[in-house]
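Chain and residue survey
Spelled out, the chains give:
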Amino acid sequence: MVVDDHPLFCEALAMTLTGALGVSTITMANCLADGLSKLRAGEAPDAILLDLNLPDVAGLDGLVRLKSAAPGIPVIVVSSFQDSRIITSVIQAGAAGFIPKHSAREVFVKAFSQIWAGETFTPDSYVPPKAPTSAAKAVDPAARLSDLTAQQARILDLVCEGKPNKQIAYELSIAETTVKAHITAILRKLGAQSRTQAVLVANKASFASILRSDNKGD
């Protein structure tokens, strides 16, 4: 599944995937909501390629929500934003890899080869950060979000939408006591004292300021 709002790029990427990787079926989604709708309707892709700059998503929100909706399916970010800080953030948030837009076929082949082997792909230009101390990880929103399970990520997403426990329980078909238990675990993992603080942590992980500072555009 390709989630991208640029039709011409989608067509070019589809040609690359079919020609270089032998992919037989490609599902296109022009926004996050469209992709999530297709997944809920029963689409079960082998992988999801996600653009960061979508009209209905900000920062890491799209990645977190797709991973929650399709646990076990690798989500690969394909973007022209190549700042190493952004790549670090998406990998820490659980992306299976980061492929720069308009990469050559050979790069896509190499990326998927590594991802199918259970490895994480990053471009040659990527400069990984120095190993963070435990204290640094504790204050890094993306690192803390990556510790959430798929169900916890989905619940946090609904909390960010302002939905109460009762409604969350209804939408996920689980008991309200289970929602409360998950929220307790979410607060502990995020180092938050309240739902409001948890939402703030999630919002900080959007790295919107980094995207705005990158002058390459998308």
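Please read all numbers here as calculations on a predicted model, not as lab measurements.

Here helix α5 (residues 105-116) contains 12 residues, and its C-alpha end-to-end distance of 16 Å stays within 8% of the 16 Å for a straight helix at 1.5 Å per residue. Within α5, burial applies to Phe108, Ala111, Phe112 and Ile115. Angular distribution of buried residues about the axis of α5 spans 90 degrees; they occupy a single face of the element. On the buried face of α5, the contacting elements are α1 (7-21), β3 (48-50), β4 (75-79) and β5 (97-100). In the segment just after α5, Gly118 is the residue with positive phi, at about 85 degrees.

Moving on, we get to the pattern of salt bridges. All chains considered together, the criterion is met by nine salt bridges. A salt bridge links Lys163 to Glu161, with the shortest nitrogen-to-oxygen separation between them at 3.2 Å. Residue classification places Lys163 among the buried residues on the basis of a relative accessible area of 18%. You can call Glu161 partly exposed: its relative accessible area is 40%. A single salt-bridge network, built from bridges that share partners, covers Asp4, Asp51 and Lys101.

Look at the UniProt record and you will see "modified residue: 4-aspartylphosphate" (unreviewed entry) annotated at Asp51. Relative to the helices and strands, Asp51 resides in the loop between β3 and α3 (61-69).

Here we take up the confidence of the model for the protein. Any residue range with low pLDDT should be treated as having predicted coordinates unsuitable for detailed reading. Here the protein averages 83 in pLDDT, while 87% of its residues score no lower than 70. Low pLDDT, under 50, characterises residues 207-218; the stretch is placed with 27 contacts to residues that sit more than four places away or in other chains.

Before going further, it helps to examine the environment of Val3. By the secondary structure assignment, Val3 is in strand β1 (residues 2-3). For Val3, a relative accessible area of 1% gives the class buried. Separated by 59 residues in sequence, Val3 and Gly62 place their C-alpha atoms 9.8 Å apart. Residues contacting Val3, with those up to four places away along its chain left out, are Ala29, Cys31, Leu32, Ile48, Leu49, Leu50, Asp51 and Leu54.

The next point concerns helix α4 (residues 84-92). When we look at burial in α4, the residues that qualify are Ser84, Ile86, Ile87, Thr88, Ser89 and Val90. Note on α4: the residue one or two positions beyond its end, Gly94, has a positive phi of about 110 degrees.

Cut-offs used in this document
Residues numbered from 1 in each chain as written. Predicted model: local features only at pLDDT ≥ 70, side-chain atom pairs only at ≥ 80, totals over all residues. Heavy atoms only, no water. Helix = DSSP H or I, 4+ residues; strand = E, 2+ residues; numbered from the N terminus. Expected span 1.5 Å × (residues − 1). Buried < 20%, exposed > 50% of the residue type's maximum accessible area, 1.4 Å probe, protein only. Arc of directions from axis to C-beta. Contact = heavy atoms within 4.5 Å. Salt bridge = Lys/Arg side-chain N within 4 Å of Asp/Glu carboxyl O. UniProt positions renumbered as here; feature names shortened; annotations may be inferred. pLDDT = per-residue confidence, 0-100.

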